[in-house]
Amino acid sequence: QVQLIESGGGLVQAGASLRLSCVGSGRTFTNSPMGWFRQAPGKERDFVAGISTRGGSTSYADSVKGRFTISRDNAKNTVYLQMNSLKPEDTAVYYCVVSRERIMIPRSPSMVGSWGQGTQVTVSS
C-alpha cells in the first residue's frame with residue numbers, strides 16, 4: 001500500500017499563495033492517478049483537484065478553477081498543488097490521495113485508495 005506524506009500548509013492572508021507537496025512511496029504512486037481533497041470543519045471531504053498517471057490530464061473543482069494548479073513529478077514520487085489567490089473559504093485540511101483505479105482520476109472519496117495524513121491550510125481575511 002502506498003504511503004503519502006503532505007507538507008506545505010500554513011497560515012496566510014487572503015490573496016496569498018501556497019504550494020502543497022505530497023511525497024509517495026511504492027510503485028503504485030507512479031502507476032496511478034492522484035488527487036487532492038479538502039475538509040473544512042463541520043463539512044464533508046470534498047474533491048479539489050486530480051491528475052492522471054503521466055500528468056496529461058487534470059481536473060478541478062469549480063471553486064478552485066483558475067486559482068489552483070495540480071502537477072506531478074513521477075521521478076520524485078511527488079504531486080503538487082499550487083494555490084494562488086487564496087480565500088478564507090479555502091481554509092481546510094488538505095489531503096493527498098491516490099486513486100483506487102489505474103485510469104480514473106479520483107473525484108469522490110469512494111474512488112480513493114489511500115489518503116495522506118493531511119496538512120492544515122488557514123487563510124485569514
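Before any of the text, the structure's been laid out above.
This structure is a prediction, so every number in the text was calculated from the model and none was measured.

## Topic: unusual backbone geometry
Item 1. Although it is not a glycine, N77 adopts a positive phi angle of roughly 55°.
Item 2. In this fold, N77 is placed in the loop between β7 (68-73) and β8 (78-83).
Item 3. In this structure, S85 is a non-glycine residue whose phi angle is positive, near 50°.
Item 4. As for its position among the elements, S85 is in the loop between β8 and β9 (92-99).

## So, the state of the cysteines
Item 1. This structure, assessed with the given rule, holds 1 disulfide.
Item 2. Between C22 and C96 runs a disulfide, and the two sulfur atoms are separated by 2.1 Å. Here the disulfide of C22 and C96 is left-handed, its torsion about the S-S bond being about -80°. Here C22, found in strand β3 (residues 18-24), pairs with C96, found in strand β9; they are 74 residues apart in sequence, far enough to count as distant.

Calculation notes
- Residues numbered from 1 in each chain as written.
- Predicted model: local features only at pLDDT ≥ 70, side-chain atom pairs only at ≥ 80, totals over all residues.
- Heavy atoms only, no water.
- Helix = DSSP H or I, 4+ residues; strand = E, 2+ residues; numbered from the N terminus.
- Disulfide = S-S within 2.5 Å.

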